[in-house]
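Inside the fold
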Amino acid sequence: MTQAKAAPKETLIGLLAPVVSGAGAELEDVSVSRAGSRSVVRVVIDRDGGIDLDGVADVSHAVSAALDADPDAMPGTFVLEVTTPGVDRPLTQPRHWRRAKGRLVAVTRRGAGPLTGRVSSADDEGAVLVGADLPGGQVSVSYADVSRAVVQVEFNGPGPLDAGDSSS
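The structure presented is a predicted model; accordingly, all values stated were derived computationally and were not measured. Going along each chain's sequence as written, the residues are numbered from 1 onward. Totals for whole chains, interfaces and linings use all residues, but because this is a predicted model, local features are given only for residues with pLDDT of at least 70 and pairs of side-chain atoms are given and counted only at 80 or more. Values shown for side chains rest on all heavy atoms present in the structure; no hydrogens or waters enter the calculation.

1. Some thoughts on the pairing of strand β2 (residues 38-46)
Accessibility here uses a 1.4 Å probe with only protein chains present; expressed as a share of the type maximum, an area under 20% marks a residue as buried, one over 50% as exposed, and anything in between as partly exposed. Elements are defined by DSSP. Helices are runs of H or I of four residues or more, strands are runs of E of two residues or more, and each kind is numbered from the N terminus. Across the 9 residues that make up β2, a large majority, 7, are buried. Two strands qualify as a pair provided DSSP detects at least 2 bridges between them. With 9 bridges connecting them, strand β1 (residues 26-35) and β2 associate as antiparallel partners. Looking at the pairing, alanine 35 lines up with arginine 38 of β2. Where β1 folds back onto β2 in an antiparallel hairpin, the turn is made up of 2 residues, including glycine 36, whose phi is positive at roughly 70°. Relative to strand β3 (residues 78-83), β2 is paired through 6 bridges, and the arrangement is parallel. When the bridges of β3 are listed, serine 39 appears paired with phenylalanine 78. At this point the chain moves from β2, through helix α2 (residues 53-69), to the parallel β3, and the crossover so formed is right-handed. Handedness of a crossover is defined as follows: orient the strands so they point away from the viewer, and if the path from the first strand over the helix to the second runs clockwise, the crossover is right-handed.

As structure tokens, then:
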């Protein structure tokens, strides 16, 4: 028995990116894996300001309808998972840094020491980190100098952005 193959990742991204965008989010990734006799289609979405459960549900309905309308994209039985990236996702794109504004991040830089600070601003070239432990209270980081950056989990919620604020 030959199992039907899913469309290549690029084809799925081409099909789903406008659907996700139309539902008010941005497509971060699509993956297909096997789980027994079924496939699992995992769609990772995000948007500036974050996305709530209602937003995830809206995108899930739209993606499901698009996959059902194109049987060549995902032939056979599949389970659809629509999710957000999670805090352990590395910050690899300027949009990831923008979405991390106000969050504490750990940065490993090429040719320089590691930094931990709160993202106060981010643009297409780099970000500004603030924190009492940073030289002068803030450091500009060029994305070209970053080898790895991740958001740190904070159980008490984000702290103040002002490097000089010690009231917390």
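From this point on, the discussion continues.
2. Concerning the sheet that holds β1
Taken in spatial order, the 3 strands make up an open sheet running β1-β2-β3, and their pairing is mixed. Looking at strand neighbours, the two that pair on one side only are β1 and β3, the edges of this open sheet. When strand polarity is set aside, the average angle formed by the axes of neighbouring strands in this sheet is 15°. In this fold helix α1 (residues 9-22) packs onto β1 and β2, with an angle of close to 135° to the strand it touches most, β1. Throughout, a residue-residue contact means that at least one pair of heavy atoms, one from each residue, lies within 4.5 Å. Note on method: axes are straight lines fitted to C-alpha atoms, helices fitted across the in-contact stretch only, with angles between N-to-C directions ranging 0 to 180 degrees. Contacting β2 and β3, α2 runs over the sheet at an angle of about 145° to β3.

3. Here we look at the environment of proline 8
Structurally, proline 8 is set in the segment before α1. In this structure proline 8 comes out as partly exposed when scored by relative accessible area, which is 47%. Residues proline 8 and valine 32, 24 residues apart in the sequence, show an inter-C-alpha distance of 9.2 Å.

Function-wise, these values are silent; they only describe arrangement.
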